[in-house]
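# Analysis of the macromolecular model
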Amino acid sequence: MGRLDNKVALVTGAARGQGRSHVLRLAEEGADVVAIDICAPVDTVPYALPTSEDLAHTAELARATGRRIIHRECDIRDLAGLQAVVAETVAELGGIDIVVANAGITGFAPSWEMSEQQWQEMIDVNLTGTWKTVRAAVPSMIERKQGGSIILTSSLAGLIAYADLSHYTASKHGVTGLMRALAVELAPHNIRVNSLHPGNVDTPMINNPVVHNVFLPHLANPTRAEVEDVFVHLQGLRVPWIEPIDVSNAVVYLASDDSRYITGTTHVLDAGAMAPNKIPHV
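Notes on the structure in this doc start here.

What counts, and at which threshold
Residues numbered from 1 in each chain as written. Predicted model: local features only at pLDDT ≥ 70, side-chain atom pairs only at ≥ 80, totals over all residues. Heavy atoms only, no water. Axes fitted to C-alpha atoms, helices over the stretch in contact; angles between N-to-C directions. Helix = DSSP H or I, 4+ residues; strand = E, 2+ residues; numbered from the N terminus. Parallel < 35°, antiparallel > 145°, perpendicular 65-115°, else oblique. Left-handed = near helix turned anticlockwise from the far one by under 90°. Contact = heavy atoms within 4.5 Å. Nonpolar A, V, L, I, M, F, W, Y, C, P; charged D, E, K, R; others polar. Buried < 20%, exposed > 50% of the residue type's maximum accessible area, 1.4 Å probe, protein only. Polar contact = N/O pair within 3.5 Å; in protein donor to acceptor, adjacent residues only side chain to side chain. Salt bridge = Lys/Arg side-chain N within 4 Å of Asp/Glu carboxyl O. Expected span 1.5 Å × (residues − 1). Core = buried A, V, L, I, M, F, W, Y, C linked by side-chain atoms within 4.5 Å. Pairing = 2+ DSSP bridges. Phe/Tyr/Trp six-rings, centres within 6.5 Å; stacked < 30°, edge-to-face > 60°.

### Considering the packing of helix α4 (residues 116-144) against helix α5 (residues 166-186)
It is the contact of α4 with α5, at a shortest axis distance of 8 Å, that shows an interaxial angle of 15°. Taken as axis vectors, α4 and α5 run roughly parallel relative to one another. Judged by the twist between their axes, the crossing of α4 over α5 is right-handed. Taken together, the residues of α5 that come into contact with α4 (itself represented by Q118, W119, M122, I123, N126, L127, T130, W131, V134, V138 and I142) are S166, H167, Y168, A170, S171, K172, G174, V175, L178, L182 and L186. A breakdown of the residues in the contact of α4 with α5 according to their chemical character gives 14 nonpolar, seven polar and one charged.

Structure follows, in structure tokens:
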């Protein structure tokens, strides 16, 4: 028996990284899953985004658990496209119990140097796309009258600020505020809403040449090992980053009855990065 038997979960940004990990953990706990990703470039994103093959592989891995899987390529900025996927899910799987709005992008630039397009695409994907995901799914959840759980992926940048990430920080603070408003609005329908705030996670969004060069600009092609030495000092615990499974375990907790009375809360997973007065390790 899994903690999510007979549940249906919709996961965005599912082709790789945290999203793939979430899909697999949800399926392992008994949920049928709808996996969504854009599988195409976004103009201002400086690193490679996932491919159709990545999404298909996520579906293959999840299907091996024995659960039913629907995988669809869809841009979360496309409300009509999301609504079509939701309608298909309701028709084929009976409804949606869990929404994991995980899709997001990042990029780097000082506020006064970034282009209007950089700002707008960040807000459109990270904040408006998250709202559109919820907007597409919630009406069917309310109509079913079975309650549910909505989990929004924010970030540490949804609680504190980072230099050269004002557009990302603003978008993730917006996700945090959206979560709080949705929790109030949806509580009468027994739909819980919470947000996740990971620190650095070992995914292609973090471990790619563009981000490596941001942290080690004096090196032409910094290695993963060299970057680890920098990242380990950003946390309280002596690790460079957390693993996707650590976030996925929190997703399962918030999706399950283990958290049945938890709503409107922020869940930080940061290896101590936000902890004040960290004692230097020797």
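The structure having been displayed, the exposition proceeds.
### What to know about the side chain of H212
Tracing the sequence through the fold places H212 in helix α6 (residues 209-215). Take H212: its relative accessible area is 9%, and that puts it in the buried class. Not counting chain neighbours up to four residues away, the residues in contact with H212 comprise I206, N207, P222, R224 and V227.

### Overview of the side chain of T12
With respect to the secondary-structure elements, T12 resides in strand β1 (residues 8-12). For T12, the side chain forms a polar contact with the main-chain nitrogen of A103, separated by 3.0 Å. Excluding residues that lie within four positions of it along the chain, T12 makes contacts with I36, I76, V100, A101, N102, A103 and T133.

### With respect to the pattern of salt bridges
According to the stated counting rule, one finds eleven salt bridges in the structure shown. Salt-bridge contacts for R25 lead to E29; the nearest nitrogen and oxygen are separated by 3.2 Å. Its relative accessible area of 12% is what places R25 among the buried residues. Through salt bridges with shared partners, a single network forms among R3, R25, E28, E29 and D258.

### Quick look at helix α1 (residues 17-28)
Here α1 spans 17 Å end to end across twelve residues, near enough to the 16 Å set by a 1.5 Å rise per residue. Most of α1 sits inside the fold, with ten of its twelve residues counted as buried. Every buried residue of α1 is accounted for by Q18, G19, R20, S21, H22, V23, L24, R25, L26 and A27. Of the residues flanking the end of α1, it is G30, one or two places downstream, whose phi is positive at about 110°.

### Observations concerning the nonpolar core
Membership of the largest hydrophobic core comes to 40 residues, with the highest contact counts inside it found for I150 and L152. Ranked by size, the runner-up nonpolar core spans 31 residues in total, among them L4, A27, A59 and V100.

### Quick look at the environment of L61
Summarising the element assignment, L61 is placed in helix α2 (residues 52-63). On a C-alpha basis, the gap between L61 and V125 in space is 26 Å, while along the polypeptide they are 64 residues apart. In this structure L61 touches R20 and L24, once residues within four positions along its chain are discounted.

### Remarks on the pairing of strand β4 (residues 98-101)
On β4, burial covers both faces: I98 and V100 on one face and V99 and A101 on the other are all buried. Two elements, β1 and β4, share three bridges in a ladder whose sense is parallel. Across the sheet, residue A9 finds its bridge partner in β4, namely I98. For β4 and strand β5 (residues 148-153), the ladder comprises four bridges, and the chain directions are parallel.

### Structural notes on the packing of helix α3 (residues 79-93) against α4
For the pair α3 and α4, interaxial distance at closest approach is 9 Å and the crossing angle is 35°. The interaxial crossing formed by α3 with α4 has right-handed handedness. Contacts between α3 and α4 involve L79, L82, Q83, V86 and V90 on the former and, on the latter, K132, T133, R135, A136, A137 and S140.

### A short note on unusual backbone geometry
Look at N6: it is not a glycine, yet its phi comes out positive at around 70°. With respect to the helices, strands and loops of the structure, N6 is situated in the segment before β1. A positive phi is found at D164, a non-glycine position, where the angle reads about 65°. When you line up the elements, D164 lands in the loop between β5 and α5.

### Notes on the packing of aromatic side chains
All told, the structure shown has two aromatic pairs when counted by the stated rule. Measuring from ring centre to ring centre gives 4.6 Å for F215 and F231, while their planes differ by 55°; the resulting arrangement is tilted. With F215 in helix α6 and F231 in helix α7 (residues 224-231), this residue pair connects regions lying 16 residues apart in the sequence. With relative accessibility at 31%, the residue F215 sits in the partly exposed group. The buried category is assigned to F231, whose relative accessible area is 0%. Summarising the aromatic geometry, the rings of F231 and W241 are spaced 5.3 Å apart at their centres and angled 65° between planes, so their arrangement reads as edge-to-face.

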